[in-house]
Amino acid sequence: MKPEYTIIGGGIVGCAVAFGLLKAGHQVTVLDGGDSDHRASRGNFGLVWLSCKGLDAPHYAAWTRRSVGMWKNLAAELADISGIDVKLVQNGGYDFHFSEAEMLARAAQYENIRAALGSDHPYEVWDRERLIQEEPEIGPDVIGAIFGAEDGHVNPLKLLHAYTQAILTLGGRLITKVQVEHITQNADGRYVAQLTDGREYMSDKLVLCAGLGAATLGPQLGFQAPVTPQKGQVLITEKLPPRLKRASGLIRQVDEGGIQIGDSKENVGFDEEDTLDITAAIAERAIAIYPFLAQTKLIRSWGALRIISPDGLPIYEQSASHPGAYLVSCHSGITLAAAHSYLLPQWLENEASHPDLELFSEKRFQLCEA
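Analysis parameters
- Residues numbered from 1 in each chain as written.
- Predicted model: local features only at pLDDT ≥ 70, side-chain atom pairs only at ≥ 80, totals over all residues.
- Heavy atoms only, no water.
- Core = buried A, V, L, I, M, F, W, Y, C linked by side-chain atoms within 4.5 Å.
- Buried < 20%, exposed > 50% of the residue type's maximum accessible area, 1.4 Å probe, protein only.
- Helix = DSSP H or I, 4+ residues; strand = E, 2+ residues; numbered from the N terminus.
- Contact = heavy atoms within 4.5 Å.
- Pairing = 2+ DSSP bridges.
- Axes fitted to C-alpha atoms, helices over the stretch in contact; angles between N-to-C directions.

### Things to note about the nonpolar core
Judged by nonpolar contacts, the single largest core of 52 residues is most densely connected at Trp 71 and Tyr 163. At nine residues, helix α1 (residues 12–23) tops the list of elements feeding residues into this core. Apart from the residues lying within four places of it in its own chain, the contact partners of Trp 71 are Val 48, Val 86, Leu 88, Gln 90, Val 154, Leu 159, Ile 334, Thr 335, Ala 337 and Ala 338. Formed by 25 residues, the second largest nonpolar core is a distinct cluster that contains Tyr 191, Tyr 201, Ala 214 and Leu 217.

### Some points on unusual backbone geometry
Of the consecutive residues Gly 262 and Asp 263, the connecting peptide bond is found in the cis state with omega at -10°. Notably, Ala 225 is not glycine yet its phi reads approximately 50°, a positive angle. Assignment of secondary structure puts Ala 225 in the loop between α7 (214–217) and β13 (228–237). The class for Ala 225 is buried, based on a relative accessible area of 4%.

### Topic: the sheet that holds strand β14 (residues 247–248)
Strand order in this open sheet of four strands is β5-β6-β4-β14, and the pairing throughout is mixed. The open sheet has two edge strands with one neighbour each: β5 (124–127) and β14. Taken together, the two bridges between strand β4 (residues 93–97) and β14 define a ladder with parallel strand orientation. In the strand pairing of β14, Tyr 94 is matched with Ser 248. Together, β4, β5 and β6 (144–148) form the strand contacts of helix α4 (residues 100–117), whose direction differs from that of β6 by roughly 20°.

### Focus on the sheet that holds strand β10 (residues 191–195)
In any sheet, the strands associate via hydrogen bonds between backbone groups, in a parallel or an antiparallel arrangement. What the three strands build is an open sheet, ordered β9-β10-β11; its pairing is antiparallel. A strand with exactly one partner marks an edge of an open sheet, and here the two such strands are β9 (180–185) and β11 (200–203). Here the average twist between neighbouring strands, direction ignored, is 20°. In terms of strand pairing, β10 meets β11 through four bridges, oriented antiparallel. Within β11, the position partnered with Gln 194 by the bridge is Glu 200.

The following block contains the structure:
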């Protein structure tokens, strides 16, 4: 009989891992928090994005590209199992630039990735004339863009819904509005996740996908879990007819018609309230890219917390002190969802090192400290 798993955390990361394990024939229970918890899965930008990932870490660029390349299959499989279309659009994306020197410097970084990986890592430098052919409403200060042919975006709320429905359809258990307080390992090796209300859930193996909650729960399993919050603010406009041909890392038109605008990076602890000064800066930059947005109504905005490691890269770790316990943490849960569903289960099942994941171990932080 295959091992039974408990997944702590029912956001995109936890659900992606649970989905993969269920498809591999395991029994899986997902323990998820309440609506008042910090939830990156409900506040993120919805990008399936390769551009700008791993510019100084080629192994991360390669891991991201593997996931991006499997996303169409994931979207189709989720639609088949859950009946929910996650609205994946993967027709490329833009990295806009206002300075030619900065754009050329970014292109040089892509060339370094290609050399380090010996691959055709995708990017094209588009000057303003080429960009206007695709996006005629671009602002006069935009001198061009780097085009990433494999980039795309999805509806993140529909993705989370599709995952949860697929988990239930595949026979998984999804326990919501609960808080895990303690995790222990019995003499027989089985794990016990105890909730604040006293209930307990037992399993052969356990995967900690609790986002910022990993910082508290991780040390109980021998993990450092050095994750901290980083706030990002997002704006969304009224619904419009199609105006943007492709998404960028700053602006995208969602499937319902609104234009979603970001992004910002603030280290302000667990404060997730949006603020007027950041909202104004985001709006000003967006108008510089697409001037028509100056006449577009803004209907809402929000702040949400990313889960950030010391170097910004994912953490994949098996506990040295608690065999069968794993930590999975990242701030790009949407982009990496396909890798987490299709590749991570092999690592979780085999209890062995995985060549693609060794560089994402927590051990890298110990080396930095030394």
